[in-house]
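Each chain, written out:
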Amino acid sequence: MAETKTLIEIPAFVTVRELATMMGVSPINVIKELMANGIMANINQQIDFETAAIVAGEMGYDVVAHEEVVVEAPVDETEKTGWRKVLAGERAGDLQPRPPVVTMLGHVDHGKTSLLDIIRKANVTAGEAGGITQHIGAYQTLKDGRLVTFLDTPGHEAFTAMRARGAQATDIAILVVAADDGVMPQTREAVDHARAAHVPIVVALNKIDLPGARPDRVKQQLSEMGLVPDDWDGDTMVIPVSAREKLGIDDLLEAVLLVAEEADPKANPGAPASGTVLEAKIERGKGIMTTALIQNGTLRLGDTMLVGEHYGRIKAMYDYTGKRIQTAAPSTPVSVSGLDGMPQAGEQFRVVDSEKTARRIIDEAREAARETPTSRGRGPTLDEFFARLLEGEAKTLNLIVKADVQGSLEPIVTSLERLNGGEVELDILRSATGPITESDVMLASASGAIILGFNVDADPIARNAAAVEEVQIRTYSIIYKLIEDVEKAMKGMLAPTFEDVVIGRAEVRQVFKIRGVGNIAGSYMRTGEGRRNAKARIVRNSRLLHSGTISSLKHLQENVREVKAGFEFGVSLDGFEDYQPGDIIEFYVTQRVEA
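Residues numbered from 1 in each chain as written. Predicted model: local features only at pLDDT ≥ 70, side-chain atom pairs only at ≥ 80, totals over all residues. Heavy atoms only, no water.

**Q** Give me the lowdown on the overall build of the protein chain, citing residues and values where you can.
**A** Within the protein chain, the secondary structure is distributed over 16 helices and 33 strands. Every one of the 595 residues in the protein chain was classed for burial, and the buried ones make up 51%. The contacts of the protein chain with a sequence gap of at least 6 include a subset with a gap of at least 24, amounting to 71%. Carbon together with sulfur atoms contributes 48% to the accessible area of the protein chain, which is approximately 28100 Å² in total. (Helix = DSSP H or I, 4+ residues; strand = E, 2+ residues; numbered from the N terminus. Buried < 20%, exposed > 50% of the residue type's maximum accessible area, 1.4 Å probe, protein only. Contact = heavy atoms within 4.5 Å. Areas by Shrake-Rupley, 256 points an atom, 1.4 Å probe, with all protein chains shown as cover.)

Dropping the structure here:
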């Protein structure tokens, strides 16, 4: 007779702790089972019904769905607003409208900071003669009786770095574009990052008062990026403004409110507070001050806040003007004291019932990490993507495509777009010419994307960032091979691949011509090491020139098997002689990557 499994009822979303309680097991065992299925989750993280059902099934339970559907909006709609995790598990009847949260993005020197300052100062009442006494990286302004929260981030890098750590704190992005300068590379990057976050964009066309302003030219550039202005029969609001002359600020705020009406941001003010850390610093006389954005619930003086491995009872709480407050509602930025350490920007916080509970949660998380050592596995590889595809999980393959020239980029993008139309969608988050940069890596990390390079390489900073963020970079020199690999991943046929791992970088200092041998690159090993049995590639101005085997490696006229960092040496590559001082030689080995 077959063994009867215990039946448990699971809602649409459940925390790891709640699932463990339902099954009567330790949360650590649930975390281990999640890790075995490739999911990193802490004890308070919410997982969806499908994930919970798989874990429960593996642990010997039968599962039935709880009939109450608690979130009013469809999953993809709430996901687009970025607050799905925050609202998961809330009853629709408990949700109330909240102020929209806005981030300004754009090219440096196009006026983001000036616009933020104008909006901030315009909201200071006559009674606050001294102005805002405490700048906490976020503030609120009032327009037509409605609050709007602005996050004062330095740029899209910070915006995306927070997303990469799991924080999605923005409802609307204001893209600041100078009317005289037009769309610049950072402008395009900002648009890519906002789109990847599914955040609606309002364009602030700044510096409209300058003699060199060419608004129609800028609108044409925006249209070419897919941001067609509303006065050109598009759906992007483009608002002419001038931070210097204080023109168009009211129009900009009205546009934000119009977009917010469509987004309809909501939260449950009656829930325990949760949200995102914006920054943390030590202030004289106050100790560690943590700036946080309340995303759901209401934060109260005396609450116990838990952020990663830090916790504490809130001893003092200030609003963006530096005024002491007792409570903070959803979408409110606050600065609080009481945490026992410095949390990172982008970390998620939540309120727990006591410091004892906070300590227990931290201890359980540490024990789980000790018992099951594993990498974070944040970024997918093509192999992992199609392993998930075969299991019915993956539906969208996010890509970032970089190429050496526009003539290569266009046919690659066109060929990739032709692969769409089946069950699996391919989303190209960014396509551009030039080397792979840190910005590309952060966008990939935040969006779960894979970076494809054609005849380009990643700069050293990007390589380091990719290693830290665990983002896969795949480079190609043949277009059809790039397209073939993506197509195979989408069809679930990709075989184990080989990955190039850089073991050392050297700089060519001088070129020697030796009769009967050819040109030798007199070089200096900057980092890592060079090996005779490795391969090497020549990179000039971030462009890959040649890749091949090493024909000779010498130190002080002697043949050597390897050269360490800090030493000078001579090297030659098979099939290449056009060395120039300043060229970078990357030594690499090829390692097998299992599917």
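Read on for the rest.
**Q** Please set out the pairing of strand E10 (residues 201-206) residue by residue, giving values where relevant.
**A** Counting buried positions along E10 gives six out of six residues, so the element sits mostly inside the fold. Crossover handedness for the path strand E9 (residues 172-178) to helix H8 (residues 185-196) to E10: right-handed. Two elements, E10 and strand E11 (residues 238-240), share three bridges in a ladder whose sense is parallel. Counterpart to valine 203 in the pairing with E11 is valine 238. (Right-handed = clockwise from strand over helix to strand, strands pointing away. Pairing = 2+ DSSP bridges.)

**Q** Explain helix H14 (residues 438-447) to me, using residue names and the numbers behind them.
**A** Within H14, nine of the 10 residues are buried, leaving the element largely enclosed by the surrounding structure. The complete set of buried residues in H14 reads Ser439, Asp440, Val441, Met442, Leu443, Ala444, Ser445, Ala446 and Ser447. Following H14 by one or two positions, glycine 448 has its phi on the positive side, about 65°.

**Q** Which residues make up the nonpolar core, and what values do they have?
**A** Counting 27 residues, the largest nonpolar core has Met104, Leu115, Phe150, Ile174, Val202 and Leu252 as its most contacted members. With eight residues, the single largest contributor to this core is helix H10 (residues 249-263). Non-local contacts of phenylalanine 150, meaning those with residues more than four positions away in its chain, are made with Val102, Met104, Leu116, Ile119, Ala138, Tyr139, Thr141, Ile174 and Leu253. (Core = buried A, V, L, I, M, F, W, Y, C linked by side-chain atoms within 4.5 Å.)

**Q** I'd like a description of the packing of helix H13 (residues 406-417) against helix H16 (residues 479-491), backed by residues and values.
**A** Relative orientation of the contacting elements H13 and H16 amounts to 25°, with a least axis distance of 10 Å. In terms of orientation, H13 and H16 fall into the roughly parallel class. Here H13 and H16 pass one another in a crossing that is right-handed. On the side of H13, the interface is formed by Ser408, Ile412, Ser415 and Leu416, while H16 contributes Ile479, Leu482, Ile483 and Val486. A per-class count over the contact of H13 with H16 returns six nonpolar, two polar and no charged. (Axes fitted to C-alpha atoms, helices over the stretch in contact; angles between N-to-C directions. Parallel < 35°, antiparallel > 145°, perpendicular 65-115°, else oblique. Left-handed = near helix turned anticlockwise from the far one by under 90°. Nonpolar A, V, L, I, M, F, W, Y, C, P; charged D, E, K, R; others polar.)

**Q** Would you mind going over the confidence of the model for the protein chain in detail, with residue names and values included?
**A** Summing up the model confidence of the protein chain, the mean pLDDT is 80 and the portion of residues at 70 or higher is 81%. For the protein chain, the element scoring lowest by mean pLDDT is helix H4 (residues 75-81), at 40; strand E15 (residues 299-300) scores highest, at 94. Predicted confidence is poor over residues 68-85, with pLDDT under 50, and the contacts of this stretch with residues over four places away or in other chains come to 34 contacts. Low confidence marks residues 124-134, where pLDDT is under 50. Its contacts with residues over four positions away, or in another chain, come to 15 contacts. (pLDDT = per-residue confidence, 0-100.)

**Q** Can you lay out a nonpolar patch on the surface for me, pointing to particular residues and giving the numbers?
**A** A cluster of nonpolar side chains, contributed by Phe512, Ile514 and Val517, occupies part of the molecular surface with about 270 Å² of accessible area. Here phenylalanine 512 is to be found in strand E26 (residues 497-514). (Patch = residues over 30% accessible without salt bridge, like charges linked within 9 Å, V, L, I, M, F, W, Y side chains within 5 Å. Salt bridge = Lys/Arg side-chain N within 4 Å of Asp/Glu carboxyl O.)

**Q** Talk me through the pattern of salt bridges; I want residue IDs and the actual numbers.
**A** Across all of its chains, the model carries 29 salt bridges by this definition. Between lysine 143 and aspartate 250 there is a salt bridge whose closest N-O contact spans 3.7 Å. Residue lysine 143 is found in strand E7 (residues 138-143), and its partner aspartate 250 is found in helix H10; the two are separated by 107 residues along the sequence. Under the relative-accessibility criterion, lysine 143 is labelled buried at 8%.

**Q** Describe in detail the sheet that holds strand E14 (residues 287-296), supporting the description with residues and values.
**A** Spatially, E17-E16-E21-E13-E14-E20-E18 is the arrangement adopted by the seven strands of the open sheet, whose pairing is antiparallel. Strands at the two margins of the open sheet, each flanked by one partner only, are strand E17 (310-313) and strand E18 (316-318). Strand-to-strand twist in this sheet, taken as the mean axis angle between neighbours without regard to direction, amounts to 35°. Pairing between strand E16 (residues 304-307) and E17: four bridges, direction antiparallel. Bridging from a neighbouring strand, threonine 304 pairs with arginine 313 of E17.

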